There are 2 protein chains.
Amino acid sequence: MSDKRYLFTPGPTPVPPEVLAATAEPIVHHRGPDFRVIYERTLLRLKDVFRTENEVLMFTASGTGGMDSALANLCSAGDPVTVVSAGAFGERWAKIAAAYGTNVDKVAYDWGEAPAADDLAAALRERDAKVVLLTQSETSTGVVADIRALAAVAQEAGALVVVDAISSLGAVPLESDEWGVDVVVSGSQKALMSPPGLAFVSVSERAWGTRGDSPRFYFDWDATRKAQAAFDAAFTPAVSLVRGLDVALGLLLDRGLEAAFEHHVRLGRAAREGIKAMGLELFSPDDDSAAVVTAVRVPDGVDGRELLLALRDRHGITLAPGQGALKGKIFRIGHIGWFDVFDITTALAGVELALADAGADIERGVAVTRALEAYEQRVTA
Amino acid sequence: MSDKRYLFTPGPTPVPPEVLAATAEPIVHHRGPDFRVIYERTLLRLKDVFRTENEVLMFTASGTGGMDSALANLCSAGDPVTVVSAGAFGERWAKIAAAYGTNVDKVAYDWGEAPAADDLAAALRERDAKVVLLTQSETSTGVVADIRALAAVAQEAGALVVVDAISSLGAVPLESDEWGVDVVVSGSQKALMSPPGLAFVSVSERAWGTRGDSPRFYFDWDATRKAQAAFDAAFTPAVSLVRGLDVALGLLLDRGLEAAFEHHVRLGRAAREGIKAMGLELFSPDDDSAAVVTAVRVPDGVDGRELLLALRDRHGITLAPGQGALKGKIFRIGHIGWFDVFDITTALAGVELALADAGADIERGVAVTRALEAYEQRVTA
C-alpha cells in the first residue's frame, strides 16, 4: 500500500500545512489577549465569507450541531416547517425538524434532481411555513441548488429562510444578505480548509426576532451572541481549531472569494471532462453548478465498493461512496477547499488505473490531459 | 512583556508537544481505516480512564455540551431534578436543568463549602428526584466533592447519579462503576491533556433504560451509541482532536491513573505550602482533596484584577480570577493534567514577584523551596 494519502472526499477535506501548524501551537487561554485577537479577527473574517452584516455565531461542534441549533432556537413543537429535500442532507434537515416535534412538510425530489423554486412556491401556497430549510450543496449527489431563487420564494411566503451551506460556503457564491437568507449554517471542514470541529451560524434580524420554546442550552443563540459581543465565548471554545481557522480564512480572503468561486468551477469542469473522456457517465449535473462534488456512475460489471477499497488500500486515494440508495451505484470525487488541478488529475489517474484493473471497458490515456485542458479555460461571467 | 507563556489556569490546560504534533497531522477521513484504528483505541482508552465497563460516548463539543446532553436525554419537562451546587459549575447544572424545563431542587452551599452527603439525603427524603446532578471538582472554588458518598445517597434514594467530572477525571479518583455513578461527563481540555473540543459521556445500563422526551438530535445518545458500536461517529468528528487525545490518553495510561492521582495530590500540596509560606491565605481547602485547583485569597490592599493583569502582561503567567461573587477576592492556580512541580514553583515565583511589586506584605524567598519540599513527600494511603 502507498505511504502517501490523497483525501478527495467532500469532507473532511485536506487542510493546508500552515493551517495544521497553527492548530499545533501551544494552548492559550480563551479569555486572554493572545486568543482574543485571533477570535475577533476570525469572527470578522467569517462575516466576510458569509457575505453578511449579521452576527456569525461560532459553536464547537460538527456542522450538524449548527443545523440542530436552528431548529432549537427558531421552532416550537408543532410549528409548520417546510424542508426541500433531494438527498441525504435534505433528509437530515427533515430528521432534525422531526426530532424537535415540528410539523414537517417535505418538498421531496429523487436524489440527484435539482430543486425548483416553483415547486417550493406551490407547496407554500398549500401550507404556510414558519421556517423553510434548504440545502445549498447536496453533497450526497453533487447538486448545488439555486438558493437565490428558492430563498426569494420562501421569503415572499413570509417564511424564515435557513440554508445548510456546510459543504458550499466559500466554494460557490452565497450572498446571505442580498438574497435574504436569514440563517446560514456552515462548518470548518469543507471549503474553509480547516479541521472539523467548528460550526457557524449567521442570524438575520428577522430571525433574531423569532423564537421557539424548544429547550436549549449549549446551542442557545442568545448566550453565544452575548458572549461574542465581548469577543468571548459562552463555553470554552476549541482554541486550537480557531487558530487554524484564522489562518485558513486569511488564505481564502487574501486570494478573494471570487477567485475561489472561479477556481471551484474550473475544478469541477476538469473533473467532469476527465470522467467523460474515460467514457464514464456523470451522476451529478454536467454543468458549472457542480463545482464542489463530481458524482460518477459506477460502470456496469464493476463492484463500486471494491473499486473504492482498491483505490484506498492499494493506491492511498480516498474517494466517497454513494449514500443511501446510491450506495454501490456511484462514487464521488470531492473538490472543495484546498484542491488544485493536480488533485483532480491524481483522482482521475487513480480511477483510470483501478477501473482498468477491475476489467472495465474505459478509454485510457486521455482523462488527465482533458482535465488539464478544461481547467485552463477561464470562466466567463 | 515576556515572550514565554505559562498557562496555569484550570482549563484549557497546557498540552504536551507530542499531543499538539499529533493534532497537526494531515486530515484523514473519519470512515477510513487510518482513523478507525485511532478512534477505536481512543474509545477503549476512555473506558479505562472512566473506570467503567459502560460505553463512553464522544461528542465534538465543549464539556458543557456533554452536560447538556445528560438533561436532553434523561429528562422531560417537569421531571424532578436535584442539583448539588457549591459554585459556578453547580450553578451551570441548575441552569441547564432549568433550560430543559425540569423541576429543579437545589441543595445549595456557599461557594467554597464542600457538599455533605447528609444534606443531599435530607433533601431526597423531602422530595424524590429522577436525576441528581453533582459536580466532582468545583473549579470555581477548588473544592473536590466526595462523589462516592453523594452517589451512594442518591442511588439509595432511587435517583440516577450524574457527575460533572470535566476538570477532575484523570486527576482525582472517580470509580464510575464501583461508586454507582450512572453518567459521568468529562472533556478533553483538563486532566486529559488535550486541546478543548471533545466531550465524553459514560452511560450506565440504568441510564440507558431511562429516557425523557426532550427534543434532541446532535446530542442524542442513541444515535452516537449506534454509530460507535461500529467505531463510527454519528457526525463528522473533530478528527485532529481525536488524534491528539489518543496520544494524550496513551501518556496518561502508560504512566498509570494511580500515579496521576498521586502526582496531583503532591502538586496541590506544593502549591498550598508555597502559598502559606508567603503568608497568604488559602480559599480552597487546606487538605489533599484540593488536588486540581488552589484558590488563594487576594491580600488586603491588593487589587486582584490588577495582580492577574500584571502577572499575565508583564510576566507571561496566566492564572484564573475568581468567578461570580468571588471576582477580585481570590485567584486560582490550576494544576490539572500536564503540570510538574516546576510549573508550581514558577506560578509561586510569579505571584511572589507581582505581590511584592504591588506592595503587599509577604514573606519573600521561601515559597519555592517549601513547595519543592512538599512535593518530594510521597503520599501514604
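Because the structure is a prediction, the values reported are computed rather than measured. (Residues numbered from 1 in each chain as written. Chains lettered and ligands numbered in written order. Predicted model: local features only at pLDDT ≥ 70, side-chain atom pairs only at ≥ 80, totals over all residues.)

Here we take up the relation of the copies chain B and chain A. Mapping one chain copy onto the other needs a rotation about an axis and a shift along that axis. Once turned by 180° and shifted 0.0 Å along the axis, chain B lies on chain A with an RMSD of 0.0 Å. The superposition operator between the copies reduces to a two-fold rotation axis. Counting the interface residues of chain B, we find that 100% of their copies in chain A are interface residues as well, pointing to one common contact surface. (Least-squares fit on C-alpha atoms with pLDDT ≥ 70 in both. Contact = placed C-beta atoms within 7 Å.)

Residues and elements named next belong to chain A. One can read the domain layout of chain A as domain 1 (17-255) and domain 2 (256-376). Between the C-alpha centres of domain 1 and domain 2 the distance comes to 28 Å. Taken together, the contacts link 24 residues of domain 1 with 24 residues of domain 2. Listing elements by their share of the side of domain 1 that touches domain 2, those giving two or more residues are β7 (143-144) and α9 (239-255). (Domains from an automatic or database assignment. Helix = DSSP H or I, 4+ residues; strand = E, 2+ residues; numbered from the N terminus.)

Moving on, we come to the pairing of strand β4 (residues 103-108) of chain A. All names here are of chain A. Where strand β3 (residues 80-85) meets β4, six bridges bridge the pair, whose relative direction is parallel. Bridging across to β4, Pro80 finds its partner in Asn103. Between β3 and its parallel partner β4, the chain crosses via helix α4 (residues 88-99), and the hand of that crossover is right-handed. (Pairing = 2+ DSSP bridges. Right-handed = clockwise from strand over helix to strand, strands pointing away.)

Right, let's get into helix α5 (residues 117-126) of chain A. Residues and elements named next belong to chain A. For α5, the complete set of buried residues consists of Leu120, Ala123 and Leu124. Projected onto a plane normal to the axis of α5, the buried residues spread over an arc of 95° and lie on a single side. Projecting away from the buried face of α5 at angles above 90 degrees are the exposed residues Asp118, Ala122, Arg125 and Glu126. (Buried ≥ 20, exposed ≤ 12 C-beta atoms within 10 Å, placed from the backbone. Arc of directions from axis to C-beta.)

Residue and element names in this part refer to chain B. Read across the sheet, seven strands follow the order β2-β10-β9-β8-β5-β3-β4 without closing on themselves; strand pairing throughout is mixed. Since the sheet does not close on itself, it has two edges, and those belong to β2 (55-60) and β4 (103-108), each with one partner. Neighbouring strand axes in the sheet, compared pairwise and without regard to direction, differ in orientation by 20° on average. Note: strand β5 (residues 131-135) against strand β8 (residues 160-164), five bridges, orientation parallel. In the strand pairing of β8, Val131 is matched with Leu160. Strand contacts of helix α2 (residues 33-50): β2, β9 (183-187) and β10 (198-203), with the helix running at about 115° to β2, the strand carrying the most contacts. Across the sheet, helix α4 (residues 88-99) touches β3 (80-85), β4, β5 and β8, and the angle it forms with β3 is around 165°. (Axes fitted to C-alpha atoms, helices over the stretch in contact; angles between N-to-C directions.)

Looking at the element boundaries, Gln155(A) is found in helix α6 (residues 147-156). In contact with Gln155(A), other than residues within four places in its own chain, are Val161(A) and Gly180(A).

Another point: the packing of helix α10 (residues 257-277) of chain B against helix α13 (residues 367-376) of chain B. Packed helices, taken two at a time, are described by the angle between their axes plus the distance between the axes. All names here are of chain B. One way to put it is that α10 packs onto α13 with a least axis distance of 7 Å and a crossing angle of 150°. Overall, the two elements α10 and α13 adopt an arrangement that is roughly antiparallel. At the point where α10 passes α13, the crossing takes the right-handed sense. Together, Arg266, Arg269, Ala270, Ala271, Glu273, Gly274 and Ala277 of α10 and Ala367, Val368, Arg370, Ala371, Ala374 and Tyr375 of α13 make up the contact between the two elements. (Parallel < 35°, antiparallel > 145°, perpendicular 65-115°, else oblique. Left-handed = near helix turned anticlockwise from the far one by under 90°.)

Here we come to the interface of chain B and chain A. On the side of chain A, 46 residues touch chain B, which itself brings 46 residues to the contact. Those elements giving two or more residues to the side of chain B that touches chain A turn out to be α1 (17-23), α3 (63-74), α4 and α9 (239-255) of chain B. Residue classes in the side of chain B that touches chain A are distributed as 24 nonpolar, 17 polar and five charged. (Nonpolar A, V, L, I, M, F, W, Y, C, P; charged D, E, K, R; others polar.)

All names here are of chain A. Spatially, the three strands line up as an open sheet ordered β11-β14-β13, and their pairing is antiparallel. The open sheet has two edge strands with one neighbour each: β11 (293-297) and β13 (320-321). Looking at chain direction, β11 and strand β14 (residues 330-334) are connected through five bridges and run antiparallel. Residue pairing in the sheet places Thr294 in a bridge with Ile333 of β14.

Moving on to the environment of Val132(A). Residue and element names in this part refer to chain A. Looking at the secondary structure, you find Val132 in strand β5 (residues 131-135). Residue Val132 is classed as buried on the basis of its 27 C-beta neighbours within 10 Å. Along the primary structure Val132 and Phe219 are separated by 87 residues, whereas in three dimensions their C-alpha atoms are 20 Å apart. Not counting the four nearest positions on each side in its chain, Val132 is found in contact with Thr82, Ala154, Ala159, Val161 and Val162.

Next up on the list: α4(A). Residues and elements named next belong to chain A. Compared with an ideal rise of 1.5 Å per residue, which puts 12 residues at 16 Å, α4 spans 16 Å between its outermost C-alpha atoms and is within 8% of the ideal. All buried positions along α4 are accounted for by Phe89, Gly90, Glu91, Arg92, Trp93, Ala94, Ile96 and Ala97. As for α4, its buried residues are in contact with α3 (63-74), β3, β4, β5, β6 (137-138) and β8 (160-164). Phi turns positive, to about 70°, at Gly101, one or two residues after α4. (Expected span 1.5 Å × (residues − 1).)

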